[in-house]
Structure formats: C-alpha cells, structure tokens
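Examining the three-dimensional arrangement
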Amino acid sequence: MHRRLFIRALAVSVLVATAAAAGPTTATAEAPTPAQTRLHATIDAILADSRLDGAQAGVVVVDAATGRTLYDRNGQRRLVPASNTKLLTSTAAMELLGPGHRFTTDVSTDGPRRAGLLSGDLYLRGGGDPTMLAADYDQLAEQVAAAGVRVVTGDLVADDTRYDRSRLGPDWTWDDEPYYYAAQVSALTVAPDTDYDAGTVIVHAEPGARAGSRPKISMTPDNGWLRVDNRAQTVAGGETTLSIERAHGGNTVVVTGQIAVGQTTESDWVTVWEPTGYAADVFRSALRRHGVRVLGRTVLGAATPDTARPLARHDSMPLADLMVPFLKLSNNGHAEVLTKELGRVLSGSGTWAAGLSAIGEYAGDAGVDTGTLRQRDGSGLSRRNLVPPAQFVTLLSAVRAEPWFDTWYAALPVAGNPDRLVGGTLRSRMVGTAAADNVHAKTGSLTGASGLSGYVTDADGRLLAFSIVLNNYLTSSVKGLEDQIAIALATYTEKGATTARMTVPTAPDSPRVPEGRECSWVKPALC
C-alpha cells in the first residue's frame, strides 16, 4: 500500500473507532432534513418515468465535504456501468503512473554503419503511445536520415512486445469490431487525427465527376496497409447512403451505397486489422520520403535486442494532458492502453489481467469495496463489468484528496459547454440550466445501459458527488432523466427549505445519437 494511502486508511480507522466509542448515532441525526425530503421526492418522481418501467436504476448522492448521503436508491446494486468504468481506470493511472508519465517510441539498430550503409536490422519499438500520428513517424524517419543512414540491408522490425498479443477485450461484441470505438490494442499503433483514435484510419469518399462513376476514395493517413473495395456509385441526385466498413479478419475496406454529384466529401473512421503492421507501413513510407531505403522485409512482433543502439526517439504528451482527449471524448483505446501500461509498469506484464489487478488494488486503497464489483476492461465496452453506484461515489469522494485531483477534475466533461475539448460528451446536454458549466461528470452508453457519475455544485455552494447508473431499459435513450437529476442537484438548497416537493426540472433535448453509442463515438460528432 502506498504510504499516503496507508496514512489515510489509518485516519479513517481512528475516526471509526472514535465514533464507536461515542455510541450509536441518534435518530435525530439520521432523520432527513426538509430539503432532503424534497430532493428524495423529486428524484423519485424522475425515476418513476415510464421509460424506466421494468428497468433497474441506481442513484447515490453524497455531500463530498462531509460524506453525508443525501440520496440513495439501490446504491449497492451491481449494474453495467458502460464508460463510467473509465473513472476507475483514469484515477488509477493518475496515481500509479503519475501525471508526468509519457510513452516512448524509438528506433534503434544492432548493425554496424559505414558511409550511410547500415548492415543489419532497423527496430521500431512501440511504447504504447496512443497519440502517435503519421507526422510523428515522419519525424522519427527524419531523425534516422539525419543520423546518416541511407540504406538498411536488413529488415524493418516492428516491436510491439511491451504489451501482449491480445488485441480485443475478451467480452467485446463481434459487431463492434470494425468501428473505431472498438479498435485493436497494440503497443505500436497510429492515430489518424488529434482525437487520437489509435488503430483507425479515416476513409474519405468524394463523388465522381458524373453519375454512374465510382466515388473517389482516399485515406488519412495515406497507407498501403489497407485496400479498398469500392462498390459505391455516384448518382445525379437523391440521398447519400454510403456505408464504409472493414471486412472482418482482414484489411479490406468495403464501400457501398451512393453519393450524389456535387455532394461534400463523406468521411468515416474504420479500425485496422493488426495495428502493428499499420504503424510499420506508415513508418516505412516515411523512411522512403526521407531517402532511407530498407532492403529487407517488414517483420512484426519481434523484440528489440538489448544491444541495439538508439537512432531516433519520440516522447508522448504527459498523462495529465492525455486525460483531456481520454475523458472528454470517452476514448476507449486510451483506457485499454492505460490498463496494459499499468500492468507493464507495476508488474512487468502488459496484459489486461495485470492492469486490472493494479486498478483494483488502487481502488481498494482509496476505500472502494472491490469485493462488490467486477471490472473486465479499462473502457467499459464489456457488459460483464458490474459496479454499484455507491462505489463510484466512494471513489469520487476519495480522489478529492489527491494532488492530481484538479487536473483530473478539469478533464471530465463539463455540461453544456460547447467547446468540444471542454464540454466533451456533455457539451450538448443541460444547456441553459443551473447544471451548465457546473456538472463535471463521466458519461456512459451501451444499448440498454447508461450512466452519469461525477460532481455538481449545489445552490448553496457545496460540492456533491453523485452516480446515476440505469440498466435494462428498452427505450432508445434515458439521458434526459440523468440530466433532470443533475439539474435538480444543481438547484438543491437547504436554505429555508420546506417539505413541499421541488418542481421536477425539465432537461433540454440533445441531438439524437444512434442507440448504444457515446456522443463522441459518432463522427463527425452530432452532439
């Protein structure tokens, strides 16, 4: 146990012992205040909505400063948390890896060099960086050329051995596999843009010059790892109905449907099969542009020898900065890389099992009862994740004491803020209400499972920690009910309160998102 966490746990034990010596809490202290009675009635009314008929709902609200519970409905019930799982992963990463942690990608060789000729192999070693862009591989290639290398007689070896070879979570559904929010995980990968969706490409379809012709297909970044099977048609008019998907088990992108003449370019994000090869292909092309020829093959998955000498290096942004795209945009790939990185750093094993063990140990040290929950991945894509809302609130309350809390809190999505890297997945929710620019919370979405857990400042200036997890509903979305609860908390006050019921708040409608998708999972973002 970390020394600071041990001291915190010892202090909690002392408080518990003191309370026990003082005798049981009186009934008066346990009785709800008039304000709490009103809040209970309001949240109960929201949860009585017909959209939750036959569903399960868990809601817990706590005063973060005093620990006093203001509301608890099924707080100990294990529910599927979806992306609320990222609260566990992100806090463990901030504590155990540290806000300054960086991922390193490097290039080295074990062969002799003479007059621009490198007699041996060139090793591209991945350090897990999920933010590597094609431009970063270009800079690595530029450094190799600047070192005087012109010809490599051996192979280009793509070393992804920092993590294991398991590319997809064991419980992920097969039909998510082509879509960028379920990209394969590798220690050596490429992201196509600064959303940093590693292991994906952006496929662009531009209408042909005339009706009957094929659309023009291009990719970002340009690469030779994927091929395109273009079955689509350019039409004179009508609705654009393009579908861009990768066939399972390979790297053929199939484009079907139609696009109208004069229509703007359509783009979609598609995962690649085997991101290590994708990264090696992008790097090899960059070497060629900088005048470096590799005569041998591209070899995937071999380890860099200990005797290799460095030629080039790229360090990622610090973890504190990575938290912004990770949490604001609910980036699943970041969550899984951080899980494996935790395993690698703490136990020398870059696996989901090792990483999840580290997350569990941290959560337990922070006061979470890990015996009441199950975590199967870092992102929340698995439906076998089960977490009681009360345990999320325990974590949210505990991390306020961490030195990195302010950085992490700022990285959470902020309700109603239109800036995509401030509001994130909450940018179109609770707009124009007391919760706007107030609620900092993590969203979560799977078909039939939704969550919102985080913080809200009430009308009296108190910071409240809350968790709302809703499961097994049949309607397309229950986000509006989560928003109503958050707005009620933002307007909660104990000043001059009576037992009269609060008015149930209304929540502005959000743009429709396909069922089971996070707001940010729709590209271009609709919300």
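Scroll up for the structure.
Attention here is on the structure that accompanies the text. (Residues numbered from 1 in each chain as written. Predicted model: local features only at pLDDT ≥ 70, side-chain atom pairs only at ≥ 80, totals over all residues. Heavy atoms only, no water.)

A look at the overall build of the protein chain
A tally of regular secondary structure across the protein chain gives 13 helices and 22 strands. Buried residues in the protein chain amount to 55% of all 527 residues. A fraction of 72% describes how many contacts in the protein chain between residues 6 or more apart in sequence connect residues 24 or more apart. Total accessible area on the protein chain is roughly 21100 Å²; 51% of this is exposed by carbon and sulfur atoms. (Helix = DSSP H or I, 4+ residues; strand = E, 2+ residues; numbered from the N terminus. Buried < 20%, exposed > 50% of the residue type's maximum accessible area, 1.4 Å probe, protein only. Contact = heavy atoms within 4.5 Å. Areas by Shrake-Rupley, 256 points an atom, 1.4 Å probe, with all protein chains shown as cover.)

Concerning the environment of Leu421
Counting through the fold element by element, Leu421 comes out in helix 12 (residues 420-423). For Leu421 and Pro325, which are 96 residues apart along the polypeptide, the C-alpha to C-alpha distance reads 7.0 Å. When near neighbours in sequence (up to four residues on either side) are disregarded, Leu421 contacts Val324, Lys328 and Leu329.

What about the packing of helix 3 (residues 34-47) against helix 13 (residues 479-490)?
Remark: helix 3 packs on helix 13, axes separated minimally by 10 Å, with the N-to-C direction vectors making an angle of 170 degrees. Here helix 3 lies roughly antiparallel to helix 13, going by the angle between them. For the pair helix 3 and helix 13, the contacting residues are Leu39, Thr42, Ile43, Ile46 and Leu47 in the first and Leu481, Gln484, Ile485, Ala488 and Leu489 in the second. Of the residues contributing to the contact of helix 3 with helix 13, the split by class is eight nonpolar, two polar and no charged. (Axes fitted to C-alpha atoms, helices over the stretch in contact; angles between N-to-C directions. Parallel < 35°, antiparallel > 145°, perpendicular 65-115°, else oblique. Nonpolar A, V, L, I, M, F, W, Y, C, P; charged D, E, K, R; others polar.)

Overview of the packing of aromatic side chains
A full pass over the atoms with the stated rule returns 11 aromatic pairs. Taken together, a centroid distance of 6.0 Å and an interplanar angle of 75 degrees make the contact between Trp172 and Trp352 edge-to-face. Highlighted residues: Trp172 in the loop between strand 8 (156-159) and strand 9 (200-206) and Trp352 in helix 9 (residues 352-365), separated in sequence by 180 residues. On the basis of an interplanar angle of 70 degrees and a centroid distance of 6.0 Å, the ring pair of Tyr180 and Tyr181 is categorised as edge-to-face. Judged by its relative accessible area of 9%, Tyr180 is buried. Pairwise contacts between aromatic rings join Trp404, Phe405, Trp408, Tyr409 and Tyr455 into one cluster. Sitting over the ring of Trp352, Lys340 keeps its end group 4.1 Å from the ring centre. (Phe/Tyr/Trp six-rings, centres within 6.5 Å; stacked < 30°, edge-to-face > 60°. Lys NZ or Arg CZ within 6 Å of the ring centre and 35° of its normal.)

Quick notes on unusual backbone geometry
Most peptide bonds are trans, and most residues other than glycine sit at a negative phi. In this chain, Thr220 is followed by Pro221 through a cis amide linkage whose omega measures -5 degrees. Relative to the helices and strands, Pro221 resides in the loop between strand 10 (216-220) and strand 11 (227-230). One non-glycine residue, Ala115, lies in positive phi territory at about 50 degrees. Looking at where Ala115 falls in the secondary structure, it is placed in the loop between strand 4 (113-114) and strand 5 (117-118). Taking the relative accessible area as the measure of exposure, Ala115 reaches 87% and is therefore exposed. One non-glycine residue with positive phi stands out, namely Asn472, at about 65 degrees.

Observations regarding the pairing of strand 3 (residues 104-109)
With five of six residues buried, strand 3 is to be regarded as a mostly interior element. Looking at chain direction, strand 3 and strand 19 (residues 309-315) are connected through six bridges and run antiparallel. Across the sheet, the residue bridging to Asp106 is Arg313, located in strand 19. Bridge analysis of strand 3 against strand 6 (residues 122-125) gives four bridges, and the strand direction is antiparallel. In the sheet register, Ser108 faces strand 6, and the bridge partner there is Tyr123. (Pairing = 2+ DSSP bridges.)

Let's talk about the nonpolar core
In this structure, Met323, Trp408 and Tyr455 are the most contacted members of the largest nonpolar core, which totals 60 residues. Contacts of Met323, omitting those with residues within four sequence positions, involve Ser90, Ala93, Met94, Lys328, Leu338, Trp408 and Ala411. Val107, Tyr137, Ile244 and Ala312 belong to the second largest nonpolar core, which has 40 residues in total. (Core = buried A, V, L, I, M, F, W, Y, C linked by side-chain atoms within 4.5 Å.)

Quick notes on the packing of helix 4 (residues 86-96) against helix 7 (residues 319-328)
At a minimum axis distance of 11 Å, the contact between helix 4 and helix 7 shows a crossing angle of 170 degrees. Here helix 7 runs roughly antiparallel to helix 4, going by the angle between their axes. Here helix 4 contributes Lys86, Ser90, Ala93 and Met94 to the contact with helix 7, which in turn contributes Leu319, Met323, Phe326 and Leu327. Residues of the contact of helix 4 with helix 7, tallied by class, amount to six nonpolar, one polar and one charged.

Examining the sheet that holds strand 1 (residues 56-63)
Sheet architecture is open: five strands sit in the order 2-1-22-21-20, paired in antiparallel fashion. For this open sheet the edge positions go to strand 2 (69-73) and strand 20 (440-446), each flanked by a neighbour on one side alone. The sheet shows a mean angle of 5 degrees between the axes of neighbouring strands, direction not considered. In the sheet, strand 1 pairs with strand 22 (residues 463-471) via eight bridges, with the strands oriented antiparallel. Residue pairing for strand 22: Val61 is matched across the bridge by Phe466.

What to know about the environment of Leu426
Relative to the helices and strands, Leu426 resides in the loop between helix 12 and strand 20. Spatially, the C-alpha atom of Leu426 lies 6.2 Å from that of Gly416, the residues being 10 residues apart in sequence. Once residues lying within four places of it in the same chain are set aside, the contact partners of Leu426 are Pro413, Val414, Ala415, Gly416, Val439, Ala441, Thr443 and Leu452.

What to know about the pattern of salt bridges
Throughout the structure, instances matching the rule amount to 23 salt bridges. Between Arg125 and Asp106 there is a salt bridge, with its nearest N and O atoms 3.1 Å apart. Placement of Arg125 in strand 6 and of Asp106 in strand 3 is noted, with a sequence separation of 19 residues between them. According to the relative accessible area criterion, Arg125 is partly exposed, its value standing at 34%. Judged by its relative accessible area of 15%, Asp106 is buried. Connected through salt bridges with shared partners, the residues Arg68, Asp458, Asp460, Arg462 and Glu494 form a single ionic network. (Salt bridge = Lys/Arg side-chain N within 4 Å of Asp/Glu carboxyl O.)

By themselves, these are just geometric observations and shouldn't be taken as functional.
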